[in-house]
Amino acid sequence: DYCNDSCRIDLCVRCEPEIVACAAILMACSSKNVELPLVPFPWWEVFIGGNRGEDLSIVCNAILAIGDEDNLDNRRAKYAFVPSLLEQTSFNDPESYLWSKAD
């Protein structure tokens, strides 16, 4: 579910796919109480290299924020982006009918 959720926002253009995948693995394991190795180094370093923990945290927070219905930007992304593409209107025009409908 976390990988699918990441497709609902712009992570695919902001982050490397390896970081998004590691974030999804981390969150899935956390939700199932599965512990991954952190010694002698964090498990994600095998996939994304060292000193990338902050990037991983940013991606995890972005995916978790999708469920925040109080966040106006998330509502716009969920309810305005896809319909605007279907109706061939500009999804980045804040004055368009579909964009303001999410408000």
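Everything numeric here is computed off the predicted structure, so don't read it as measured data.

### Let's talk about the pattern of salt bridges
Where charged atoms from two side chains of opposite charge approach closely, those side chains can pair.
(1) Moving on: Applying the stated criterion across every chain yields a total of 3 salt bridges.
(2) Moving on: Put simply, Arg-14 and Asp-10 hold a salt bridge, and the shortest N to O gap is 2.9 Å.
(3) Moving on: The partly exposed category is assigned to Arg-14, whose relative accessible area is 48%.
(4) Moving on: Accessibility expressed as a relative area gives 39% for Asp-10, which makes it partly exposed.
(5) Moving on: For the salt bridge of Arg-52 with Asp-55, the shortest nitrogen-to-oxygen distance reads 2.6 Å.
(6) Moving on: Linked through salt bridges whose partners overlap, the residues forming this network are Glu-16, Arg-52 and Asp-55.

### Comments concerning unusual backbone geometry
(1) Moving on: The linkage connecting Val-39 with the following residue, Pro-40, adopts the cis geometry, with an omega of 10°.
(2) Moving on: Within the element layout of this structure, Pro-40 appears in the loop between helix H3 (17–31) and helix H4 (45–48).
(3) Moving on: Even without glycine at this site, Asn-33 takes up a positive phi of about 55°.
(4) Moving on: Within the secondary structure, Asn-33 is located in the loop between H3 and H4.
(5) Moving on: The class for Asn-33 is exposed, based on a relative accessible area of 70%.
(6) Moving on: Here Asn-51, not a glycine, exhibits a phi torsion of approximately 60°, which is positive.

### Examining the packing of aromatic side chains
(1) Moving on: A complete count under the given rule lists 2 aromatic pairs for this structure.
(2) Moving on: When the ring of Trp-43 is compared with that of Trp-44, the centres are 5.9 Å apart and the planes differ by 80°; the resulting orientation is edge-to-face. As far as burial versus exposure is concerned, Trp-43 and Trp-44 are alike and both buried.
(3) Moving on: Ring centres of Trp-43 and Phe-47 lie 6.3 Å apart, and the angle between their planes is 70°; on these two criteria the pair is classed as edge-to-face.
(4) Moving on: The exposure class of Trp-43 is buried, given its relative accessible area of 9%.
(5) Moving on: Exposure remark for Phe-47: the relative accessible area of 53% places this residue in the exposed category.

### Describing the side chain of Ser-6
(1) Moving on: If you trace the backbone, Ser-6 turns up in helix H1 (residues 2–6).
(2) Moving on: By relative accessible area, Ser-6 is classed as buried at 6%.
(3) Moving on: Only 2.6 Å separates the side chain of Ser-6 from the backbone oxygen of Cys-3, close enough to count as a polar contact.
(4) Moving on: Filtering out sequence-adjacent residues up to four positions away, Ser-6 remains in contact with Leu-11, Val-20, Ile-63 and Ile-66.

Rules of the game
- Residues numbered from 1 in each chain as written.
- Predicted model: local features only at pLDDT ≥ 70, side-chain atom pairs only at ≥ 80, totals over all residues.
- Heavy atoms only, no water.
- Salt bridge = Lys/Arg side-chain N within 4 Å of Asp/Glu carboxyl O.
- Buried < 20%, exposed > 50% of the residue type's maximum accessible area, 1.4 Å probe, protein only.
- Helix = DSSP H or I, 4+ residues; strand = E, 2+ residues; numbered from the N terminus.
- Phe/Tyr/Trp six-rings, centres within 6.5 Å; stacked < 30°, edge-to-face > 60°.
- Polar contact = N/O pair within 3.5 Å; in protein donor to acceptor, adjacent residues only side chain to side chain.
- Contact = heavy atoms within 4.5 Å.

In short, the description is geometric, and any link to function would need to be established separately.
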